[in-house]
Amino acid sequence: MSDKKIITTSNIEIKEVYTTCNPMQELPAEFPFTRGIQKDMYRGRLWTMRQYAGFSTAKESNKRYHYLLKQGTMGLSVAFDLPTQIGYDSDHDLSDGEVGKVGVAIDSLKDIEVLFDGIELEKITTSMTINATASTLLAMYIALAKKQGADLKKISGTIQNDILKEYAARGTYIYPPKASMRLITDVFEYCSKEVPKWNTISISGYHIREAGSTAVQELAFTLANGKTYLKAAIEKGLDINVFAKRLSFFFNCHNNFFEEISKFRAARRMWAKITKDLGATNERAQQLRFHTQTGGSTLTAQQPINNIVRVTNQAMAAVLGGTQSLHTNGYDEALSLPTEEAASIALRTQQLIAFESGITETVDPLAGSYFVETLTDEIEAAAWKYIDKIDAMGGSVNAIEQGYIQNEIADAAYQYQKAIESGEQVIVGVNKFTANEKVNPEVFRVDDSIRVEQTDKINQLKSERDNQQVEIKLNKLKAAAKGDDNLMPFILDAVEEYTTLGEIADVLREVFGEY
């Protein structure tokens, strides 16, 4: 036996040999769903193969969407630029230098019409990575679906809509926490009646992990945030057996293969217990459904072709962990937005796993592994310790306001960076097996002239729309925001008059203030 101590990224010790684990007679699709939420999992239906895309203008992003759909993508996943994420139109002073850079610029319903030109919303699922302005972007999507003549009861997709992780890890919030929570629960209530197949929130651990958390912290803080959203919706009078069915999660998948698989299995088990304790009796309301994206922060600018192997490793872990939806990163994303070639290879990676690896042919193939079952239990136990501490503070909002979650993530990121710099944590091509070769891959760049183009479109829009109606709709929204009406119908009315995203956000800033 070796004396060497090996630990996971969450500081869980890995034994040299595992000879026992907790006996488990549980079957897939049975509470607490450790083994998966469907009886036949991928034998019956593969995960949705999404590719996250969005850059420059709506017109350019639309071209990429049509390309991805032709390549076999089963669902679209939209990235928005920073001004769109924080409620500024492209012509705002603070938008300078950021328009179209990390995602597509969306200023009004006109842009959404171009973004999905030639794409029938009833026939695809769309995931939108948007939080502070999620209600407005969803309203634009609904407005376009209505214009297409789609049945709103049939359109499906997800808005991220998870503001708590923005306060904790990412920073693209606008309003104070209570106002933000109101917008989120308004979306829950509205969609449960009007757009019942829409997932109204994707509670995100992805950005918590990208900020430097461990796998256990990602799991714990994400589920603690989920618990906060459940309680907020219950306080609003919503039925947990109805609205909890439309909650989904968004997890990261990093390189420690078995830790990631065990994290996903533990997540299902823990969420089932959380929802049951809060009164959920419907099995669908107890089930954790999740999308996975491979780890952006694990990609290296050095020897970028190595990232294809990293992404494959992470994608296989996500599938073995039972994901419902998957995005695989392009190998060049440490250098730029992904090129078409990189996006195509990323999608082919999923297709190879689905159709050639054989790992989809039985449900939860690692179940019963002494190692995986023990690690699942250990990750769950470590995550509950964090959740119990957050509960003692009064929940996620209080824990965030006190800086607890942010400090825990920052400390984990610091410890991980120290391990890289000492060589204890090996990063191939960075601190070991380095090479002096010059790498000049093709990179994708967004032109700064995009802001001028978007500004011209905004000016034209304002000259053509009925500005009197826009003013009326904005005044109604302001009055509703000062009261306690559900804001979604008022936002939708404003959007349909081609009110801009920034104009809507400014009205809400005026009423709620900025955080």
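The present account deals with the structure reproduced in this document. (Residues numbered from 1 in each chain as written. Predicted model: local features only at pLDDT ≥ 70, side-chain atom pairs only at ≥ 80, totals over all residues. Heavy atoms only, no water.)

Re the overall build of the protein chain
When you go through the protein chain residue by residue, the secondary structure sums to 20 helices and 11 strands. The C-alpha extent of the protein chain, read off along each of the three principal axes, is 80 × 60 × 45 Å. Within the protein chain, the fraction of its 515 residues that count as buried is 57%. In the protein chain, of all internal contacts separated by at least 6 residues, the share reaching a separation of at least 24 is 79%. With the model as given, the accessible surface of the protein chain reaches about 21,200 Å², and the carbon-plus-sulfur share is 48%. Charged side chains in the protein chain number 56 positive and 69 negative. The centres of these two groups are separated by 4 Å. (Helix = DSSP H or I, 4+ residues; strand = E, 2+ residues; numbered from the N terminus. Buried < 20%, exposed > 50% of the residue type's maximum accessible area, 1.4 Å probe, protein only. Contact = heavy atoms within 4.5 Å. Areas by Shrake-Rupley, 256 points an atom, 1.4 Å probe, with all protein chains shown as cover. Lys, Arg positive; Asp, Glu negative; His and termini not counted. Charge placed at Lys NZ, Arg CZ, Asp CG, Glu CD.)

Topic: the side chain of T48
Along the chain, T48 falls in strand 3 (residues 48-53). In contact with T48, other than residues within four places in its own chain, are M74, G75, T125, Q324, S325 and L326.

Some details on a nonpolar patch on the surface
There is a patch of nonpolar side chains on the surface, built from V426, V428 and F433 and spanning about 250 Å² of accessible area. Looking at where V428 falls in the secondary structure, it is placed in the loop between helix 16 (404-422) and helix 17 (450-464). Judged by its relative accessible area of 34%, V428 is partly exposed. (Patch = residues over 30% accessible without salt bridge, like charges linked within 9 Å, V, L, I, M, F, W, Y side chains within 5 Å. Salt bridge = Lys/Arg side-chain N within 4 Å of Asp/Glu carboxyl O.)

Some points on the packing of helix 8 (residues 215-235) against helix 10 (residues 257-277)
Look at helix 8 against helix 10: their axes get within 10 Å of each other, and the N-to-C directions meet at 25°. Judged by the angle between their axes, helix 8 and helix 10 are roughly parallel. Between helix 8 and helix 10 lies a crossing whose hand is right-handed. Contacts between helix 8 and helix 10 involve A215, E218, L219, L223, G226, K227 and L230 from the former and E259, E260, K263, A266, A267, M270, W271, I274 and T275 from the latter. (Axes fitted to C-alpha atoms, helices over the stretch in contact; angles between N-to-C directions. Parallel < 35°, antiparallel > 145°, perpendicular 65-115°, else oblique. Left-handed = near helix turned anticlockwise from the far one by under 90°.)

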